[in-house]
Amino acid sequence: MSDPIRLTFPDGTSRTLPVGTTAGDALRQWAPERAATFLAALVDGLPVDLSRPLGTEGHLAPITFEDRAGREILQHSAAHLVAKAVVESVPDARPTVGPPTDDGFYYDFDVRPLIPADLDAIRGAIDATVRARAIFHRREVSREDAQKLFAANPYKMRYIADTPAGETISLYDTGTFVDLCRGPHVPDASWLEGVHILGFSAITSEKAAPDRTLQRIRGVGFPTKEALKEYLKLRSEAEARDHRTLGQKLELFTFFDESPGFPAILPNGIVVIRELERFVREHLDEAGYREVRTPLLFAQSVYETSGHWSLYRENMFLTTAEDRVFGWKPMNCPGSMLIFRSRARSYRELPLRLAEFAPIHRLEASGTLHGLTRVREFVQDDAHLFVTEDQIEAEVRKLLDWIARAFSTFRLRWSYELSKRPAQFLGEAAVWDRAEAILERILRDSGIDYKVSPGEGAFYGPKIDIHLRDSLGRPWQTGTIQLDYQMPLRFGLQYQGSDGQLHTPVVVHRTILGSFERFLGVLLEHTGGRLPPWLAPVQARILPVTERQTEAAEGLAAELRKDHIRVEVASTEESLSKRVRTAEVERVPYVIVLGEKEVTADSVALRIRGTKETRTLSRPELRDHLSQRIRSREFDP
C-alpha cells in the first residue's frame, strides 16, 4: 500500500487521500456543490484532465469555463470534436493542427475543397457525438506506436518527429477518433453542446506541400446552447463594430500581405496613438517615472539569463548575425534589467521607475492573428519599477489607483484577476508563495473584488491581470501588474542599502492600457468608432455653405488651431447635406456650419455628432466649448 497524499486546495484547506485518487474525485469531495462546473484541474499550476490519477502531494485547484484556462480547454476540445466530425464525414481528410484562439478555435485539414453540403454532414456528426456524451480519454504511447498509428498523416508524423526525446507522447480517443494532443480536455462531449462552426476557407501553410492548400474550419465553443445563443446575438451586434472594418473606413491602420501580423499605422491612427501616449505620459510625469529606450535585439545569452530562452523561445523571432543568435525582444524587461545593472545603485534611487515605449515582437501563429488585437509587433505603455520589498505595497496601490482613473476616462468596466504560479516557473516555490501573498493582501486590504486563477502567472512571477468589459459586455485582457523576485537575481542586480550592504531589488513589471494597438482595437469596438473628441483624428470640420464663406472658414480654423484643436475646412464642391452626412460617417465629433448669416453675426451653427440639432454660438463661445470638452477629456461631445 502506498502512503496517502496530502492535497491543498485554493481556500487553504487540506485533505489526505489515497494515491491514485483522480483530480476530479478529489475536487468533488472538496466542493461537491460546485462540482458540475469543473471541466479540468490544476495540479501545482499544470492543467490536467479530471480523470488524471494523482500520485504526489501538491496544490489542487479546479478549472471552470469562467477561467481563461477553462475557456481555452473547451475551445481546444471543440476543435477536436470538429476534427472527429470532419474525418467521419469526409474520410480522406487528414487533420493537421487545431488550437484555441482569442475568439474561438480553428482546425486545418488537408482535404479537397469543402462545400456547404459537407458542413451539413459535419454539423450532424457533431450533434451525434454530443448526444452520445463521448469521453475524451487520454493515453500515453511510445514514439514507435505513435508513428505506426499516424503513418498515413505526414502532418502528425512531423509533430512526432519534432517532439523532444524523452517527452511524453499522448493521444486522446474520442469515440473512434484518435488525435495527438498534450491536453487536457473536457471530460466528455456533453460539455460541447454549444459548439458552432463559423465558416471555412482555403489557406496556404508552410506545413503543406507547395502546390496544396489547406481547408480551415473556424468555430467557437460554449458549454450550453443558451450561452451560444447569447454569443451569436452579441456577435451580430459586434460585427457592426468590428475594429478591422472601422480601421479601414476611418483610415487608421492597414495590413500588408507581405508583412502578416505587422500593422501599418496610418496618419489618422498615429494621431490617436500619440494622444494615448500623451495621456499615459502625463501620469508618468506625475508619478516620477523616467523614460528609456532599449535595443530591439539582444543576444541569446540575455534571454538565457532572463528565462525566455527556455520558456518563451517558440514565441520569439530569431536572427543570426556574425555567427551569433539574436532574439527580437518579446518584452522590455531584459533591457531594463541591463540598464539597472549598468552602474552601481543606491537605496536612495529606489523606487526607480523606468518606462519604455518601444516596439516588441512575438511570433504569434498565423491562425491566431486578428486585426490589432493579436499582432506580431506592438508597443506597450510598459514600465519596470525597481523597489525594496518595503516599497512594494505603496507602488502597487498607486498602480491600482491609476488603473481606476485611466479606465474611468474611457468609460470601460474592469475587473481584477490574481494569477498564480504556473507549472513552469523560475525560482523557488517559497518565494512565489511570498510574492502571491503580498499581492493578495494588497487586493484584499484595498477592498477590491478579485478572482484567483492558479497556474496563470508569468513564468517569473505572480500578477494582477486587468480585464476590461466594453459597451457590449465583452471581456478584453489589457493591463497587468507583475511581482518579480526572479529576474533581478538571475541578472545579478544589486543596490547598496542604508546599512552599507548589497541587496537585490524586487521588480514590478506593469502595463496599464497594455498594447496601444490592442487598446485602440478595443476602443474602436467599445465606441463603434465614435472616439471621444480628444482622441478623434479630426475633432472639428468647418463647412462653408458656399465658396463666399471659405475665407471666413479658414480664419476660424486658424483660431481653433491656436487652441490646439484638430480642424479642417471642407470644400464646397459637394452639397451641404452630403458634406454633413460624410462627417457623420467619418465620426467627426463637431461639425461647424458657416453661412452668410453666421459670418455677418460673427457666429457659427454647431452640429454635434450623434444629434440632428444645431446650436448657434458666438465664435468665443465655440472656442471655449470645444477647448473645455477636449482638454478635460470628456467621453462624449
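Residues numbered from 1 in each chain as written. Predicted model: local features only at pLDDT ≥ 70, side-chain atom pairs only at ≥ 80, totals over all residues. Heavy atoms only, no water.

1. Topic: the domain arrangement of the protein chain
Domain assignment breaks the protein chain into domain 1 (4-63), domain 2 (68-238), domain 3 (276-527) and domain 4 (540-631). With six residues of domain 1 at the interface, the matching set in domain 3 holds five residues. Interface area, domain 1 with domain 3, both sides summed: about 410 Å², of which 62% is carbon and sulfur. The largest per-residue losses of area from domain 1 upon contact with domain 3 belong to L42, D44 and G45, which jointly make up 62% of the total buried on that side. The interface formed by domain 1 and domain 3 includes zero salt bridges. In this assembly, domain 1 and domain 3 are joined by one residue pair in polar contact (both at pLDDT 80 or more). Looking at the side of domain 1 that touches domain 3 residue by residue, the classes come out as three nonpolar, two polar and one charged. (Domains from an automatic or database assignment. Contact = heavy atoms within 4.5 Å. Buried area = accessible area lost by both parts, 1.4 Å probe. Salt bridge = Lys/Arg side-chain N within 4 Å of Asp/Glu carboxyl O. Polar contact = N/O pair within 3.5 Å; in protein donor to acceptor, adjacent residues only side chain to side chain. Nonpolar A, V, L, I, M, F, W, Y, C, P; charged D, E, K, R; others polar.)

2. Quick look at the packing of helix α2 (residues 68-89) against helix α3 (residues 116-131)
Running from amino to carboxyl end, α2 crosses α3 at an angle of 120 degrees, the nearest separation of the two axes being 8 Å. Taken as axis vectors, α2 and α3 run oblique relative to one another. At the point where α2 passes α3, the crossing takes the right-handed sense. Across the interface between the two elements, L81, V82, K84, A85, V86, E88 and S89 of α2 pack against A121, I122, A125, I126, T129 and V130 of α3. Residues that form the contact of α2 with α3 fall into these classes: nine nonpolar, two polar and two charged. (Axes fitted to C-alpha atoms, helices over the stretch in contact; angles between N-to-C directions. Helix = DSSP H or I, 4+ residues; strand = E, 2+ residues; numbered from the N terminus. Parallel < 35°, antiparallel > 145°, perpendicular 65-115°, else oblique. Left-handed = near helix turned anticlockwise from the far one by under 90°.)

3. Here we look at the pairing of strand β23 (residues 413-419)
Bridge count between β23 and strand β25 (residues 463-469): seven bridges; the pairing is antiparallel. Residue pairing for β25: S415 is matched across the bridge by H467. Examined bridge by bridge, β23 and strand β24 (residues 450-453) share four bridges and lie parallel to one another. In the sheet register, Y416 faces β24, and the bridge partner there is Y450. Handedness of the crossover is the feature at issue here: the chain leaves β23, passes through helix α13 (residues 429-445), returns alongside β24, and the resulting connection is right-handed. (Pairing = 2+ DSSP bridges. Right-handed = clockwise from strand over helix to strand, strands pointing away.)

4. Focus: the pairing of strand β3 (residues 40-43)
Sheet analysis places β3 next to strand β5 (residues 58-63), joined by four bridges and oriented antiparallel. Across the sheet, A41 pairs through a bridge with P62, a residue of β5. Two strands pair when backbone bridges link them, and β3 and strand β4 (residues 46-48) are joined in this way by three bridges, in the antiparallel orientation. Pairing of A41 across the sheet is with V48, part of β4.

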